[in-house]
Amino acid sequence: MTSDPGFAIYVHWPFCKSKCPYCDFNSHVRERVDHARWRAALVRELEHYAGLTAGRTVTSVFFGGGTPSLMEPETVGAVLDRIAALWPVAPGLEVTLEANPTSVEADKFRAFRNAGINRVSLGIQSLNDTDLRFLGRQHSAHEATGAIALAARLFDRFSFDLIYARPGQSIAAWEAELRQALDHAVGHLSVYQLTIEEGTAFFPLHARGDLVLPDEDLAGDLYEATQSLLSGAGLPAYEISNHARPGEESRHNLTYWRYGDYVGVGPGAHGRLTLEGEKFATRAHRAPEIWLERVERDGHGAASPDPIDRTARGTELLMMGLRLTEGIRLARLAEEAGRDPLDVLDQAALKRLIDGGFLALDAERLRATHEGRQRLNAVLGSLLA
């Protein structure tokens, strides 16, 4: 697996049929969407960013959301055609679309493939109908496995997501569900712990005690069971929540975790761009209608880019890169921070974390160990204090 971070493009489709109770993403429910108008706006914002990054070679494109499988395939095709006209694209360009496994959306998979999608990421979340209803999903377990089978026939590469640490979930039940998932997972599986975020429908339920998650010890045991079972099946973790056979890692997400540059288009989309040696954070307006009006007026819906100073660049790289099993190249940390990489770190904390078995350091890399990745928030809190 190469450690080149690449140059990625993220396209945000903000619309969903319904809002899942655990979701804090920038997603919105609308009765009607003017697809032609949105198609034109996405293409126009791409043109804005192409003016800033001319000559960069695009290594991946990711359609996220929201629910991008609600897009018209013509929109996907128009976006990809414009990307290929505006930038050089790498051979074997990875083009991923997030999709829900309802039968209506799965019926569009062939059209998405013909539009240029070569990898899908399916929001399965559970293979249990009771828990799917709890999570607010609109598909059944039967639809989920049917959509996975269809994706396997149509696309060379696909992945799907599962959520664990659900209320009342036992280790035995989770291991059984993972084994069922492994009957369908070919190259990549994303497994996320359920967390309660402010602003979601689950938040007030959890706050008043009506929704109780597994305690910290059980959540840790569920994490360990996940790592053991998936690694034993040939899908080791390459990132805290992502598992893949060698060579099947998500190239797009690796760009994020390796702190590479990426363009973000669409409402609420974020980006990181290195321009003339300086790094900038970009951010588009979150409200879909306001973003759309600004693109039509100004050519883009973003606020002014925010410069990221060298210290913050080093911090961001650490926060992203220590999620990866491969860790961070010290030369890369020096490049972003603009000084000796070890000067970025609290030396006493670094020694404690290495002695405690949470970090490992050699001449080339700093990485979090298995134990360190499980406790990464605490590790980073200590390292960057």
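Structure shown above.
The notes below deal with the structure included here. Quick caveat, the model's predicted, so the values are computed rather than measured.

1. What about the overall build of the chain?
- Across its full length, the chain carries 16 helices and 17 strands.
- Expected size for 385 residues packed as a compact globule is a radius of gyration near 21 Å; at 21 Å, the chain falls within 12% of this value.
- Expressed along its principal axes, the backbone C-alpha trace of the chain runs to roughly 60 × 55 × 45 Å.
- The contacts in the chain between residues at least 6 apart in sequence include a share of 72% that link residues at least 24 apart.
- Approximately 16,700 Å² of the chain is accessible, and the part contributed by carbon and sulfur atoms is 50%.
- Put simply, the chain has 41 plus and 52 minus side-chain charges, and the middle of one group is 3 Å from the middle of the other.

2. So, the pairing of strand 17 (residues 365-368)
- Burial along strand 17 is one-sided: Leu366 and Ala368 are buried, while Arg365 and Arg367, pointing the other way, are not.
- In the sheet, strand 15 (residues 328-329) pairs with strand 17 via 2 bridges, with the strands oriented antiparallel. Paired with Arg329 across the strands is Arg365, a residue of strand 17.
- In terms of strand pairing, strand 16 (residues 359-361) meets strand 17 through 3 bridges, oriented antiparallel. Its bridge partner lying in strand 17, Leu359 is registered against Ala368.
- Counting the residues that bridge the hairpin from strand 16 to strand 17 gives 3 residues.

3. Description of the pattern of salt bridges
- Counted according to the given criterion, the structure contains 22 salt bridges.
- Arg39 is paired through a salt bridge with Glu72; the nearest N and O atoms lie 3.1 Å apart. Highlighted residues: Arg39 in helix 1 (residues 35-52) and Glu72 in the loop between strand 4 (58-65) and helix 2 (73-86), separated in sequence by 33 residues.
- You can call Glu72 partly exposed: its relative accessible area is 30%.
- Several salt bridges share partner residues, and in doing so they unite Arg56, Asp261, Lys279, Arg313, Arg332, Glu335 and Glu336 into one network.

4. Let's talk about the state of the cysteines
- Applying the stated criterion across every chain yields a total of 0 disulfides.
- Just so you know, Cys16 is unpaired, no disulfide at all, and the nearest cysteine sulfur is the one on Cys23, 6.4 Å from it.
- Unpaired in this structure, Cys23 has its nearest cysteine sulfur neighbour in Cys20, at a distance of 6.3 Å.

5. Some words on the nonpolar core
- Residues Val61, Phe63 and Phe160 are the most contacted members of the largest nonpolar core, which totals 87 residues.
- Setting aside its immediate chain neighbours within four residues, Phe63 contacts Val11, Pro68, Met71, Val76, Val79, Leu80, Val95, Thr96, Leu97, Glu98 and Ile117.
- Core analysis: the next-biggest nonpolar cluster, separate from the first, contains 9 residues, Leu135, Ile163, Leu194 and Phe202 among them.

Reading the values: the criteria
Residues numbered from 1 in each chain as written. Predicted model: local features only at pLDDT ≥ 70, side-chain atom pairs only at ≥ 80, totals over all residues. Heavy atoms only, no water. Helix = DSSP H or I, 4+ residues; strand = E, 2+ residues; numbered from the N terminus. Rg over C-alpha atoms; globule rule 2.2 N^0.38 Å. Contact = heavy atoms within 4.5 Å. Areas by Shrake-Rupley, 256 points an atom, 1.4 Å probe, with all protein chains shown as cover. Lys, Arg positive; Asp, Glu negative; His and termini not counted. Charge placed at Lys NZ, Arg CZ, Asp CG, Glu CD. Buried < 20%, exposed > 50% of the residue type's maximum accessible area, 1.4 Å probe, protein only. Pairing = 2+ DSSP bridges. Salt bridge = Lys/Arg side-chain N within 4 Å of Asp/Glu carboxyl O. Disulfide = S-S within 2.5 Å. Core = buried A, V, L, I, M, F, W, Y, C linked by side-chain atoms within 4.5 Å.

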